[in-house]
Amino acid sequence: MKKHAYLIIAHHQFEILEKTLQLLDDARNDFFIHIDAKTKSVDFETLRSKVKYSKIFFIDRISVNWGAYSQIRCELALLSAGTKVDHYAYYHLISGVDFPIKSKEEIFAFFDKDTQTEYVHFAEFPPRPEIMERISKYHFGMEMNRKNLFFRIQKRFLLAAQKLLHMNRTAREKVQYAYGANWFSITDALARYVLEKKDWIAQHFSHSNCADELFLQTVVVNSDFLPNIYAQKQKMQLDDYHAIMRAIDWKRGQPYVYRMEDFEALLQSDYLFARKFDLNVDSEVVNALFNHLKEA
């Protein structure tokens, strides 16, 4: 039996996560969940109660800060937890405010078609200079509160000093870099390869800014896994989110939050998951998708 691991990064709006767990509950799916250490109130038992057939594993909690290396640490910790339990066919990284827009049987059928394919998104290859600056310069204090005045002053000063001194962390490296979304669906082989590169990833991407959108793409393009990328096989253009089968709309938002008027379009799309949803913006669309899919 081919099994799948869902690696979920969550910190709020757990009602969405609860519905996701119910829709994907199946003996072929296991869930590995990280809940941010900054989240004070978490009802773990309620989350556990939403599944009857899947197994749920809550990994050790860390404080994940936007743009900081802790985002990569969290992803690697989820991959590590999953690979220690089983050799899953696929490891799917999603957030707690993502949602399936196809039934679990349709999702299984899609990934069963070719179990050697890797679903990694590439937006730029190579990245433009302003994206490369995320890793070519040192970004200290990224785990601090970004609203902190000291953080903003020292960040601006240090970046200016590094530019003045023409510092470039990547200049001497014979590495091809690439950039894209951090969400993925990857095979067991690639998951274990990424974990083997854990020290290399730390060396190249710590003290960086939003490197979670660079590290996996860079690992892949410098490996033998590149020909297995779905976008390559399908001859997609760069920045096509079919590469990871996730509906993410950057034209209408940062990203756009789906609403009830998007309901039919989401169902009729060929994507498997959508990002993102917000109960405070529109809870009706989440309920409508849930009620539709639970009958599928």
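Here the structure is shown first, and the text comes after it.
The following refers to the structure shown. Source: prediction; values computed, not measured.

### Some remarks on the overall build of the chain
When helices and strands are counted, the chain shows 13 helices and nine strands. Along the longest, intermediate and shortest principal axes, the C-alpha atoms of the chain span 60 × 45 × 40 Å. Relative to its full complement of 296 residues, the chain shows a buried share of 57%. Sequence-distant contacts in the chain: of pairs separated by 6 or more residues, those separated by 24 or more amount to 79%. When the accessible surface of the chain is totalled, it reaches about 14,500 Å², and 51% of it is carbon and sulfur.

### So, the packing of aromatic side chains
The description of an aromatic ring pair rests on the distance of the ring centres and on the angle between the ring planes. For the structure on display, the rule yields 20 aromatic pairs. Consider the rings of Tyr6 and Phe273, whose centres lie 6.1 Å apart with planes at 70°: the pair is edge-to-face. Pair noted here: Tyr6 is in strand β1 (residues 4-10) and Phe273 is in strand β9 (residues 273-275), with a separation of 267 residues, a long-range link. Both residues of the pair, Tyr6 and Phe273, count as buried. Here the aromatic cluster, defined as three or more aromatic residues joined through ring pairs, consists of Tyr90, Phe110, Phe111, Tyr119 and Tyr230. When the ring centre of Tyr138 is taken as origin, the NZ or CZ atom of Arg169, which lies over that ring, is 4.3 Å away. Lying across the ring of Tyr256, Arg252 places its NZ or CZ 3.8 Å from the centre.

### Regarding the side chain of Ser185
Structurally, Ser185 is set in strand β7 (residues 184-187). Among the residues examined, Ser185 registers a relative accessible area of 0% and is labelled buried. Non-local contacts of Ser185, meaning those with residues more than four positions away in its chain, are made with Tyr90, Tyr91, His92, Phe111, Glu118, Tyr119 and Arg246.

### Details of the pattern of salt bridges
One pass over the structure, following the stated rule, counts 15 salt bridges. One salt bridge connects Glu105 with Arg28, and the closest N-O pair in it is separated by 2.7 Å. Here the residue Glu105 occupies a position in helix α4 (residues 104-112), and Arg28 occupies one in the loop between α1 (14-24) and β2 (29-35), the gap between them amounting to 77 residues. You can call Glu105 partly exposed: its relative accessible area is 42%. The partly exposed category is assigned to Arg28, whose relative accessible area is 21%. By sharing partners, the salt bridges in this structure join Asp26, Arg28, Lys104 and Glu105 into a single network.

### Side note on the pairing of β2
Of all seven residues making up β2, seven are buried, and the element is well covered by its neighbours. As judged from the seven bridges shared by β1 and β2, these two strands associate in the parallel manner. For His4, the partnering residue across the bridge sits in β2 and is Asn29. Handedness of the β1-α1-β2 crossover: right-handed. Across four bridges, β2 lies against strand β3 (residues 55-58) in parallel orientation.

### So, empty space enclosed by the protein
Per the stated rule, a full pass over the model turns up one cavity of 30 Å³ or more. The calculated volume of the largest cavity comes to roughly 30 Å³. What lines the largest cavity is Tyr138, His139, Phe140, Gln154, Lys155, Leu158 and Leu159. Residue composition of the lining of the largest cavity, grouped by class: four nonpolar, two polar and one charged.

### Focus on the sheet that holds strand β4 (residues 90-95)
Strand order in the open sheet formed by six strands is β3-β2-β1-β4-β7-β6, with mixed pairing between adjacent strands. Both edges of this open sheet fall to β3 and β6 (119-120), since each of them pairs with a single strand only. α4 rests against β1, β2, β4, β6 and β7 of the sheet, and its axis sits at about 115° to β1. Strands β4 and β7 of the sheet are contacted by helix α7 (residues 188-196), whose axis makes an angle of about 95° with β7.

Parameters and conventions
- Residues numbered from 1 in each chain as written.
- Predicted model: local features only at pLDDT ≥ 70, side-chain atom pairs only at ≥ 80, totals over all residues.
- Heavy atoms only, no water.
- Helix = DSSP H or I, 4+ residues; strand = E, 2+ residues; numbered from the N terminus.
- Buried < 20%, exposed > 50% of the residue type's maximum accessible area, 1.4 Å probe, protein only.
- Contact = heavy atoms within 4.5 Å.
- Areas by Shrake-Rupley, 256 points an atom, 1.4 Å probe, with all protein chains shown as cover.
- Phe/Tyr/Trp six-rings, centres within 6.5 Å; stacked < 30°, edge-to-face > 60°.
- Lys NZ or Arg CZ within 6 Å of the ring centre and 35° of its normal.
- Salt bridge = Lys/Arg side-chain N within 4 Å of Asp/Glu carboxyl O.
- Pairing = 2+ DSSP bridges.
- Right-handed = clockwise from strand over helix to strand, strands pointing away.
- 1 Å grid on protein atoms, 1.4 Å probe; cavity = no way out; pocket = protein on both sides within 12 Å on 5 of 7 lines; lining within 4 Å.
- Points joined across faces, edges and corners; volume = space filled by probe spheres on them.
- Nonpolar A, V, L, I, M, F, W, Y, C, P; charged D, E, K, R; others polar.
- Axes fitted to C-alpha atoms, helices over the stretch in contact; angles between N-to-C directions.

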